[in-house]
Structure formats: C-alpha cells, structure tokens
Amino acid sequence: MGPRRNNRIRIPEVRVIGADGKQLGVMRTGDALRLAQKSGLDLVEVAPQARPPVCRIIDFGKQQYEEKKRQRESRREQRENGHQTGETKGIRMRFGTEAHDLELRARKARTFLEEGHRVQVTLLFRGRERSRPEIAEAQLEKLTSELMDISIVERPAEMDGRRMTMTLAPR
C-alpha cells in the first residue's frame, strides 16, 4: 500500500518536518497540507506509529524514483560481487547422444559454469527410449564426471515425463 500522503492523512494533528529537514513542529493536518501544496510538494506520513504521527514535506515522485534507483543499484552490485549465482543455462541432449557430442556439451557446460551460471542438463526421450532410463543416467553420469572439478550436482537426475533433468552449480 505504501505511505499515506496528502488528503489520505486522516489524523487531526501531525508533527511536520520541512523540505529542508528542519522541524516545523506540531500543527493541524490541513495547515501542513496547505504548506506543502504552497511549495509544490507532497505531505507524506513517514512515522505513523508516533504520537502525533510524523509527516515530511517532500517531492514524493522524486523520492520513489530515488528509492527504485537505489534498489536497482543494490541488485547490480550483488550480481557483480557474486552474491547471487548467475542465471540457469540449459543444455539439451538426446537419449543416444554419441561420445563426441557429449564432449561438446561438456565443453559448453564448462564455459557456463566458469562464468558462474548454473547448468540444467535436459535429456529428451522418444517412444520406447523411456523404458531404458539407465542408459540416460549413464550419459548424465559421464557428463557429471567430466565436470566434477568445477561443479557440484545441485539437483540429481530425475525423470519428469519424457525428459530427465539434472542441475549442476559452480563450486
């Protein structure tokens, strides 16, 4: 819902802080609202639990913009400092993927892991291939053993309909 402002403040008296940060004292809400409107700003309730509630005269739109800007900056810094693991990248294989193709997939997964991303390996089945999940598990095991030096298995292989998925995360 956010803070109450302008005509939504229903308390008869409020403590007012001016646009410059100075205390203007306790006054009637109507007077405080007229003071804010006279300077082209908003009256915003900043401490509703206080008695009397504290209101500040500020440009509310500018304050919201600055807050969103700080949040974006904070998220960007977290990403750059590695506090969040990167996005999840996907690698798809088929039931009968040959050894050479498996090596290519392992190399691609290695680059993703080195960049700090998680890798979701999806193995697709067709028709009667679903009756032989042990072959698919062997393929995934081979891929995992090639990447064991830089990754850990975050979610082991599990069958989900016509696909088997496994997630690897960087060490």
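Structure shown above.
Residues numbered from 1 in each chain as written. Predicted model: local features only at pLDDT ≥ 70, side-chain atom pairs only at ≥ 80, totals over all residues. Heavy atoms only, no water.

K.L.:
Explain the sheet that holds strand 5 (residues 88-94) to me, and be specific about the residues and the numbers.
P.N.:
Spatially, 5-6-8-7 is the arrangement adopted by the four strands of the open sheet, whose pairing is mixed. Strand pairing shows two members of the sheet lacking a second neighbour, strand 5 and strand 7 (151-160), which therefore form its edges. Within this sheet the neighbouring strands show an average axis-to-axis angle of 15°, counted without direction. Across six bridges, strand 6 (residues 118-124) lies against strand 8 (residues 163-170) in antiparallel orientation. Pairing of Gln120 across the sheet is with Thr167, part of strand 8. (Pairing = 2+ DSSP bridges. Helix = DSSP H or I, 4+ residues; strand = E, 2+ residues; numbered from the N terminus. Axes fitted to C-alpha atoms, helices over the stretch in contact; angles between N-to-C directions.)

K.L.:
Report on the environment of Ile57, specifying residues and quantitative values.
P.N.:
Here Ile57 shows up in strand 4 (residues 54-58). For Ile57, a relative accessible area of 4% translates into the label buried. C-alpha separation for the pair Ile57 and Gly21, spaced 36 residues apart in sequence, amounts to 8.7 Å. Not counting the four nearest positions on each side in its chain, Ile57 is found in contact with Val16, Ile17, Gly18, Ala19, Leu24, Ala32, Leu35, Ala36, Ser39, Leu41, Asp42 and Leu43. (Buried < 20%, exposed > 50% of the residue type's maximum accessible area, 1.4 Å probe, protein only. Contact = heavy atoms within 4.5 Å.)

K.L.:
Would you mind going over the packing of helix 3 (residues 99-114) against helix 4 (residues 133-147) in detail, with residue names and values included?
P.N.:
The description of two packed helices rests on the angle between their axes and on the distance between the axes. Two elements in contact, helix 3 and helix 4, have axes whose closest approach is 10 Å; the angle formed by their N-to-C orientations is 45°. Taken as axis vectors, helix 3 and helix 4 run oblique relative to one another. Regarding helix 3 and helix 4, the two cross each other, and that crossing is right-handed. Mapping the contact onto sequence places Ala99, Leu102, Glu103, Arg105, Ala106, Ala109, Arg110 and Leu113 in helix 3 and Gln139, Lys142, Leu143, Glu146 and Leu147 in helix 4. The residue inventory of the contact of helix 3 with helix 4, partitioned by class, reads seven nonpolar, one polar and five charged. (Parallel < 35°, antiparallel > 145°, perpendicular 65-115°, else oblique. Left-handed = near helix turned anticlockwise from the far one by under 90°. Nonpolar A, V, L, I, M, F, W, Y, C, P; charged D, E, K, R; others polar.)

K.L.:
Quick one: what's the story with the pattern of salt bridges, residue by residue and with numbers?
P.N.:
The tally for this structure, following the rule as stated, stands at nine salt bridges. For the salt bridge of Glu67 with Arg70, the shortest nitrogen-to-oxygen distance reads 2.8 Å. With a gap of three residues between them, Glu67 and Arg70 both fall in helix 2 (residues 60-80), about one helical turn apart. Taking the shortest distance from any N to any O, the salt bridge between Arg94 and Glu129 comes out at 3.1 Å. Of the two residues, Arg94 sits in strand 5 while Glu129 sits in the loop between strand 6 and helix 4, which places them 35 residues apart along the sequence. Take Arg94: its relative accessible area is 29%, and that puts it in the partly exposed class. (Salt bridge = Lys/Arg side-chain N within 4 Å of Asp/Glu carboxyl O.)

K.L.:
Any details on the sheet that holds strand 4? Residues and values, ideally.
P.N.:
The strand order 2-1-4-3 describes an open sheet built from four strands, whose pairing is mixed. Among the strands making up the open sheet, the edge pair consists of strand 2 (23-28) and strand 3 (42-47). On average, adjacent strands in this sheet sit at an angle of 35° to one another, irrespective of strand direction. Pairing analysis gives five bridges linking strand 1 (residues 13-17) to strand 2, with the strands arranged antiparallel. Opposite Val16, over in strand 2, you have Gly25 as the bridge partner.

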